[in-house]
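Residues per chain, in single letters:
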Amino acid sequence: MEMLVSTEWLAGELGKPDLLVFDCSTFLPNEPGNKHDAFRAARIPGARMFDIDAIADKETDLPHMVPTPAAFARMVGALGISNGHRIVFYDQHGLRSSPRGWWMMRLFGHDRVAVLDGGLPAWVKEGRPTESGEAPAPAPASFVPDFRAGMLAGIGDVKRIVADGSALIIDARAKGRFDGTAPEPRAGLPSGHMPGAANVPVTDMAGPDGRMKDPAALRAIFAAAGAAGGKPVVTSCGSGVTACVLAFGLVRAGLPEPAVYDGSWTEWASRPETTKEKSA
């Protein structure tokens, strides 16, 4: 299964019993709109909601941190996901949070997973069918996780990287937030970046049509940021969502897969002992 699938491919596969389609949308804290209302208003036929705020660690105040393998298995099993399913994620913005679903499934050992290129906007623009209203409850399934610890970075890992330079941190936030000249969407959180981090705004991953850039273009973007397949990479962002878009882009570019810093800037900036830098 390709990691990035077209609307044409998905239209031809819809309805097959081994294929599940999930809306994996999210909205920024200061952004109008609600993913659940938008899902009820229009979704790809047969799609279910993959809510990263619900499929998350309930023991932390940080947003949508990954749960334990046992909790993840229970949560995705309740959505009807088994190890035998093919899964396609899309989101309502095009390319923002659907790679978070792709990354989470693979973090827990499930490789038959893809992202819809262009997301719901591309699907709707092409005049493809949608449905609305409440989605029917799925039949529960059994999912057996196989946790891949190397795909996940914690704050201890990132502190060591900042101290010794053993990996390259690439931050997906907009340039103003990274530089410290624009505010963070979360109230009370300072902007800026981790020492030594590079900035590749998530918007660089897609072209004007909202579809992901080709592998050669992505390789050039990452090479300009210092990622050319040598030093290991850790991706970060505001809260671990668009960091997964960069991870997806790196894999699509044919570069080594990075680890994702799940707590990202929300965790780093809220800790009093961490160094926060601003660009001159």
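An unreviewed UniProt entry lists the protein chain under the name Sulfurtransferase, with Roseomonas nitratireducens given as the organism.

1. Describing the overall build of the protein chain
Along its length, the protein chain carries 10 helices and 10 strands. Against the 2.2 N^0.38 benchmark of 19 Å for 280 residues, the protein chain shows a C-alpha radius of gyration of 18 Å, consistent with a compact globule. Overall size of the protein chain, expressed as C-alpha extent along the three principal axes, is 50 × 40 × 35 Å. Put simply, 78% of the contacts in the protein chain that link residues at least 6 apart link residues at least 24 apart. Surface accessibility of the protein chain: about 11,700 Å² in total, with carbon and sulfur atoms responsible for 54%. When the 29 basic and 32 acidic side-chain charges of the protein chain are each reduced to a single mean position, those positions are 1 Å apart.

2. Remarks on unusual backbone geometry
The backbone of His 64 shows a phi angle near 35 degrees, a positive value even though the residue is not glycine. Note that His 64 resides in the loop between β3 (48-49) and α3 (69-78). The phi dihedral of Ser 264 is positive, around 50 degrees, even though this residue is not glycine. Within the secondary structure, Ser 264 sits in helix α10 (residues 264-270).

3. Quick look at the pattern of salt bridges
On inspection of all chains with the given rule, the structure shows 24 salt bridges. Connected through salt bridges with shared partners, the residues Glu 13, Lys 16, Asp 18, Arg 86 and Arg 112 form a single ionic network.

4. Points about the UniProt feature "domain: Rhodanese" (unreviewed entry) in the protein chain
The sites that carry the UniProt feature "domain: Rhodanese" (unreviewed entry) are, in the present numbering, residues 15-132 and 163-277. Taken end to end, residues 15-132 comprises 29% helix and 14% strand; its first and last C-alpha atoms sit 17 Å apart.

5. Let's talk about the sheet that holds strand β9 (residues 233-236)
Strand order in this open sheet of 5 strands is β6-β10-β9-β7-β8, and the pairing throughout is parallel. Strands with a single pairing partner mark the edges of an open sheet, and in this sheet they are β6 (152-153) and β8 (198-199).

6. Some thoughts on the packing of aromatic side chains
In total, this model carries 7 aromatic pairs according to the counting rule given. With a centroid separation of 5.9 Å and 35 degrees between ring planes, the pair formed by Phe 22 and Phe 89 is classed as tilted. Of the two residues, Phe 22 sits in strand β2 (residues 19-23) while Phe 89 sits in strand β4 (residues 86-90), which places them 67 residues apart along the sequence. With a centroid separation of 6.0 Å and an interplanar angle of 75 degrees, the aromatic rings of Phe 72 and Phe 143 are classed as edge-to-face. Of this pair, Phe 72 sits in helix α3 while Phe 143 sits in the loop between α5 (119-125) and β6; the two residues are 71 residues apart in sequence, bridging distant segments of the chain. Neither Phe 72 nor Phe 143 differs from the other in exposure class; each is buried. Chaining the aromatic ring pairs together yields one cluster made of Phe 72, Phe 108, Phe 143 and Phe 147.

7. So, the layout of surface pockets
Put simply, the largest pocket is a space of about 740 Å³. Element by element, the count of residues in the lining of the largest pocket is highest for α5, at 3 residues. A per-class count over the lining of the largest pocket returns 13 nonpolar, 12 polar and 10 charged. What the second largest pocket holds in volume is close to 170 Å³.

Conventions adopted
Residues numbered from 1 in each chain as written. Predicted model: local features only at pLDDT ≥ 70, side-chain atom pairs only at ≥ 80, totals over all residues. Heavy atoms only, no water. Helix = DSSP H or I, 4+ residues; strand = E, 2+ residues; numbered from the N terminus. Rg over C-alpha atoms; globule rule 2.2 N^0.38 Å. Contact = heavy atoms within 4.5 Å. Areas by Shrake-Rupley, 256 points an atom, 1.4 Å probe, with all protein chains shown as cover. Lys, Arg positive; Asp, Glu negative; His and termini not counted. Charge placed at Lys NZ, Arg CZ, Asp CG, Glu CD. Salt bridge = Lys/Arg side-chain N within 4 Å of Asp/Glu carboxyl O. UniProt positions renumbered as here; feature names shortened; annotations may be inferred. Pairing = 2+ DSSP bridges. Phe/Tyr/Trp six-rings, centres within 6.5 Å; stacked < 30°, edge-to-face > 60°. Buried < 20%, exposed > 50% of the residue type's maximum accessible area, 1.4 Å probe, protein only. 1 Å grid on protein atoms, 1.4 Å probe; cavity = no way out; pocket = protein on both sides within 12 Å on 5 of 7 lines; lining within 4 Å. Points joined across faces, edges and corners; volume = space filled by probe spheres on them. Nonpolar A, V, L, I, M, F, W, Y, C, P; charged D, E, K, R; others polar.

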